[in-house]
Every structure is written in C-alpha cells, then in structure tokens.
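Below are the chains, spelled out letter by letter.
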Amino acid sequence: MPDLRNKTIVITGAAGGIGAAIARALGADGAHIVAADISLDAASKVADEIKAAGGSAAAVAVDVRDRASIRAMLEHAVATFGRLDVLFNNAGIAQTRPFLEITEEDWHRVTDVNALGVLIGMQEAIKIFRRQGGGGKLINTASIAGKQGYEPLAHYCASKFAVVAMTQAAARAFGKEGITANAFCPGVVATGMWKTIDQGFRDSGLTNRENEAFDTFAAGAVLGRPSRPDDLVGVARFLASADSDFMTGQSLLVDGGMVFV
Ligand SMILES: NC(=O)c1ccc[n+]([C@@H]2O[C@H](COP(=O)([O-])OP(=O)(O)OC[C@H]3O[C@@H](n4cnc5c(N)ncnc54)[C@H](O)[C@@H]3O)[C@@H](O)[C@H]2O)c1
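Residues numbered from 1 in each chain as written. Predicted model: local features only at pLDDT ≥ 70, side-chain atom pairs only at ≥ 80, totals over all residues. Heavy atoms only, no water.

(A) The arrangement of the side chain of Asp-255 in detail. Its place among the elements puts Asp-255 in the segment after β7 (251-254). For the buried Asp-255, no salt bridge is present, and the opposite-charge side chain at shortest range is Lys-147, 9.4 Å distant. There is a polar contact of 3.1 Å between the side chain of Asp-255 and the backbone nitrogen of Met-258. Polar side-chain contacts of Asp-255 include one of 2.9 Å to the backbone nitrogen of Val-259. Asp-255 has contacts with Ile-144, Cys-185, Pro-186, Gly-187 and Ala-221, leaving out every residue within four places of it along the chain. (Helix = DSSP H or I, 4+ residues; strand = E, 2+ residues; numbered from the N terminus. Buried < 20%, exposed > 50% of the residue type's maximum accessible area, 1.4 Å probe, protein only. Lys, Arg positive; Asp, Glu negative; His and termini not counted. Salt bridge = Lys/Arg side-chain N within 4 Å of Asp/Glu carboxyl O. Polar contact = N/O pair within 3.5 Å; in protein donor to acceptor, adjacent residues only side chain to side chain. Contact = heavy atoms within 4.5 Å.)

(B) Structural view of the packing of helix α4 (residues 104-131) against helix α5 (residues 154-174). For the pair α4 and α5, the least separation of the axes is 8 Å and the interaxial angle reads 15°. Taken as axis vectors, α4 and α5 run roughly parallel relative to one another. Handedness of the α4/α5 crossing: right-handed. Taking contact as the criterion, the partners of Asp-106, Trp-107, Val-110, Thr-111, Asn-114, Ala-115, Val-118, Leu-119, Met-122, Ile-126 and Arg-130 in α4 are, on α5, His-155, Tyr-156, Ala-158, Ser-159, Lys-160, Ala-162, Val-163, Met-166, Thr-167, Ala-170 and Phe-174. Split by residue class, the contact of α4 with α5 holds 14 nonpolar, five polar and three charged. (Axes fitted to C-alpha atoms, helices over the stretch in contact; angles between N-to-C directions. Parallel < 35°, antiparallel > 145°, perpendicular 65-115°, else oblique. Left-handed = near helix turned anticlockwise from the far one by under 90°. Nonpolar A, V, L, I, M, F, W, Y, C, P; charged D, E, K, R; others polar.)

(C) Looking closely at α4. Taking 1.5 Å of rise per residue, 28 residues should cover 40 Å, and α4 covers 38 Å from first to last C-alpha, within 8% of that figure. Just past α4, the residue Gly-133 takes up positive phi, approximately 105°. (Expected span 1.5 Å × (residues − 1).)

(D) Local environment of the packing of aromatic side chains. Taken as a whole and judged by the stated rule, the model has four aromatic pairs. Ring centres of Trp-194 and Phe-217 lie 5.5 Å apart, and the angle between their planes is 55°; on these two criteria the pair is classed as tilted. A residue pair is termed long-range when its members are at least 10 positions apart, and Trp-194 in helix α6 (residues 192-203) and Phe-217 in helix α7 (residues 212-218) qualify at 23 residues. Residue Trp-194 is classed as buried on the basis of its relative accessible area of 9%. For Phe-217, a relative accessible area of 19% corresponds to the buried category. Among the aromatic side chains, those forming a connected cluster through ring pairs are Tyr-150, Trp-194, Phe-201, Phe-214 and Phe-217. (Phe/Tyr/Trp six-rings, centres within 6.5 Å; stacked < 30°, edge-to-face > 60°.)

(E) Up close: the sheet that holds strand β5 (residues 137-141). Strands sit in the order β3-β2-β1-β4-β5-β6-β7 across an open sheet of seven strands; the sheet is parallel. A single partner strand is all that each edge strand has here, and the edge strands are β3 (56-61) and β7. Here the strands of the sheet are splayed against their neighbours by 20° on average, with no regard to which way each runs. Bridge count between strand β2 (residues 32-37) and β3: six bridges; the pairing is parallel. If you follow Ile-33 over to β3, its bridge partner there is Ala-57. Where helix α1 (residues 17-28) meets the sheet, it contacts β1 (8-12), β2, β4 (86-89) and β6 (180-186), and its direction lies at approximately 165° from that of β1. (Pairing = 2+ DSSP bridges.)

Dropping the structure here:
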C-alpha cells in the first residue's frame, strides 16, 4: 500500500462524487486532506467524516474559476498542515447540448470551470511547490471525453481534451524541478454529474426515460457495469504516492474498458 501518511493533499470538487470518494480514502490512508468545493457545507461534511474516522482534514470554499480563491485555498492548506504535496484539480461541471445549439455562454460556463480552473490550479500550486524547494504532484481529472468527442457534449469534451493537453504541457515545463503532472480519465460514473447529463439528454429529446443515456453509455464498458466513485480511488492513490514518481504527462483511462487508445 503506498504511503501517504502526513502528505498534504488538496482536492477540489471534494464535496461530491469522485472527489469525495478520493478524499475519504486518502484521508483513511493518513494524508492531511483539504476538501475544497464551491459548496462549503457539503465539503465540510466530507472533512467531518474523515475526522470522525480518525483522520486529519479541513474544508475550504473555492471557486476554481477565480485565481484569488484558488490561492486562498492553497495557502489555507499550507497554513493548516505546513506544506502542500499534492493538488487534485477535480472540480468539474457538465452540460448536454446538441452540437448546433451550444452557445458562447455554454462554452464559457463549462470551459471556465473544467479547463481554466485546472490551468489556474496548476499555476498556483507550482508557485507553492517552487517556494518549498521543488517536488510536488499535480493530478487532474480528465475523462473519456478527453480522449473521444461525444456529440451532445462537444464543449465538455473540449474542456477535457484541454485538461489532457495542459497535463502534458505542465509535465514538460516543470519536470526538471521534480514536479509531476498526470491525469486520470473516468468513464461513466454514477455521480450527481451524470444525473445532470442524463437530464440534459431527456431535455434535448435525445432519450425518453430516466437513466437511458446513463445505461446506454455505461453499456460500452467491457467490464460490464458503470463505474462507482470508489473505482477511481486506486489510481488516485497511485498518482498521489511515490509509486508514480517516475511518471509524468500521462492521462490514465480508468473506465471499465470503454476507450482503448
Ligand atoms: N461522473 C462521471 O461519469 C465522470 C466521468 C469522467 C470525468 N468526470 C469528472 O470527474 C470530476 C468530478 O465529477 P463527479 O462526477 O464527481 O461530479 P460531481 O458533480 O459529483 O462533483 C463535482 C464537484 O465539483 C464542484 N464544483 C463545481 N463547480 C465548481 C467550482 N467552480 N469550484 C469549485 N467546485 C466546483 C461541485 O460542487 C461538486 O461537488 C469532474 O471533473 C468531472 O468532469 C466525471
């Protein structure tokens, strides 16, 4: 089992779904967890659960679209736990829109959180990693939508391709300083996000019944079921630990076998 004891790990989007599962698991591994989310109430519940289980955690409000907010989140982590070791840029939103109906507003709404938020997160974490003398791990949540384009999610896919690209660029830029950047790419995970996507399919007249889009997409996984948030814990633990020290610039598909590249 990789050793994460006393590592300070900041996770954005930690109030729900994948982020909360990673926060709970790495908190149980002995890391200091900073659960960050636009919903402070929900992030606080996750931090409280980690502490109730004997772990170490704090909650902080963040809007990843806002540089000052990201800076405050990271400085809070350093002030509370002494340093920053790992940043998971995991917060994200999705929107289903038929290709021809995506507006400029839709584009900015999705890409500001999913792509710009990741860029700012990496930039501000790198400044702290440098201040600490180098080293540090950046871990970004991309998606199968960062490897393939899906018609009613074009702007979401663009935002996730951007995450893959920025992960590679950051890896090249900061490798000599011992800073690594990697991503993982979930498939179809049963979280609040998929409820939004599924609803969007119905609103667009693309599907008729609840969970039809979810079931149809999930049926593409050769392992025969949709993902649960806990399915992403193993890769998150690996990427956060010294076991992945010689790996950078990679975007690992953990999707039950949906996309082979
Ligand atoms: N669910 C899936 O099938 C799936 C598949 C591939 C990738 N992903 C990615 O996984 C990540 C987590 O998604 P999830 O499925 O757990 O969804 P989720 O909706 O359960 O969690 C996303 C979290 O991000 C937070 N958030 C949204 N906007 C924010 C902002 N501006 N600042 C800070 N926090 C914000 C939300 O409050 C929420 O807690 C996202 O980046 C998503 O794109 C999800």
